[in-house]
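Structural overview
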Amino acid sequence: MRLLLGILMTVGLPALPVRAQVSDAQVGALVEALRRAAPDTGTEDDGLYSDWQIKAENIPRWSRLCTGKELTPAQFESSPVTARSILVCVMRDVLSDEYKASGSDESLAVRRAAAWWMTGDPTEYSSEGIASYIQKVLDFYQQQRSKPSPNPPNSNG
């Protein structure tokens with residue numbers, strides 16, 4: 001019986017959808033990198049909201065998807081904690097998808113996610129028009145990832 005169960009599990013596993021697992025640290029680093037790389041348009045009422053420079057039309061959809069409650073751009077902008085949690089929610093799926101699409105190449109996954117963020121198309125990561133932005137996101141991401149973890153594991157175990 002064990003042998004049969006083992007064979008069924010082995011044969012059945014490849015048929016299951018595979019979703020790349022990204023860590024909270026990776027997603028957090030990407031969200032922070034997107035914040036730090038956000039372009040400053042130099043215009044007060046440019047239609048972009050929060051430190052991440054989010055287009056107004058994305059805010060109600062993303063907030064409803066991630067919190068079940070549709071936020072206005074003003075509500076989103078007024079709470080950086082809420083904004084960050086919504087962006088972590090959105091970017092977790094994006095980074096997971098791009099990690100898989102990149103063949104588990106973390107740097108390429110980040111570049112693809114940054115291209116999705118900027119253009120809506122992850123395959124645009126090497127486009128001339130956004131190449132410097134993509135590199136800036138990757139650099140900030142790598143800086144975040146190289147920082148020591150805020151909660152190191154307990155070594156008294």
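As a starting point, this report considers the structure included with it. These numbers come from a predicted model, not from an experiment.

1. Examining the state of the cysteines
Per the stated rule, a full pass over the model turns up one disulfide. Cys 66 shares a disulfide with Cys 89; S-S distance 2.1 Å. Torsion about the S-S bond of the Cys 66 and Cys 89 cystine: about -85°, corresponding to left-handed handedness. With Cys 66 in helix α3 (residues 58–67) and Cys 89 in helix α5 (residues 80–101), this pair connects stretches of sequence that are 23 residues apart. Accessibility expressed as a relative area gives 23% for Cys 66, which makes it partly exposed.

2. As for α5
Working note: α-helix, 3.6 residues per turn, so residues spaced by three or four point in the same direction. Helix length check: α5, at 22 residues, gives a terminal C-alpha distance of 30 Å against a target of 32 Å (1.5 Å per residue), a fit within 8%. At Met 91, α5 shows its maximal bend, which comes to roughly 25°. Here α5 has its buried residues at Ala 83, Ile 86, Leu 87, Val 90, Met 91, Val 94, Leu 95, Ser 96, Glu 98 and Tyr 99. In this structure, the buried residues of α5 make contact with α2 (24–37), β2 (54–55), α3, α4 (73–78) and α6 (106–119). Two residues or fewer past α5, Gly 103 is found with a positive phi of approximately 70°.

3. Focus on the packing of aromatic side chains
Two numbers describe a pair of aromatic rings. These are the distance of the centres and the angle of the planes. Taken as a whole and assessed by the stated rule, the structure comprises two aromatic pairs. Ring centres of Trp 62 and Trp 116 lie 6.2 Å apart, and the angle between their planes is 25°; this geometry places the pair in the stacked category. Of this pair, Trp 62 sits in helix α3 while Trp 116 sits in helix α6, and the two are 54 residues apart along the sequence. An aromatic cluster of at least three residues, connected via ring pairs, comprises Trp 62, Trp 116 and Trp 117.

4. Considerations on the pattern of salt bridges
Enumeration according to the criterion identifies six salt bridges in this entry. Glu 32 serves as the salt-bridge partner of Arg 84, at 3.0 Å between the closest nitrogen and oxygen. Of the two residues, Arg 84 is situated in helix α5 and Glu 32 in helix α2; the sequence distance between them amounts to 52 residues. For Glu 32, a relative accessible area of 11% puts it in the buried group. Salt bridges sharing partners connect three or more residues here, namely Glu 32, Arg 35 and Arg 84.

What counts and how
- Residues numbered from 1 in each chain as written.
- Predicted model: local features only at pLDDT ≥ 70, side-chain atom pairs only at ≥ 80, totals over all residues.
- Heavy atoms only, no water.
- Disulfide = S-S within 2.5 Å.
- Helix = DSSP H or I, 4+ residues; strand = E, 2+ residues; numbered from the N terminus.
- Buried < 20%, exposed > 50% of the residue type's maximum accessible area, 1.4 Å probe, protein only.
- Expected span 1.5 Å × (residues − 1).
- Bend = angle between axes of the 7 residues up to and from the residue.
- Contact = heavy atoms within 4.5 Å.
- Phe/Tyr/Trp six-rings, centres within 6.5 Å; stacked < 30°, edge-to-face > 60°.
- Salt bridge = Lys/Arg side-chain N within 4 Å of Asp/Glu carboxyl O.

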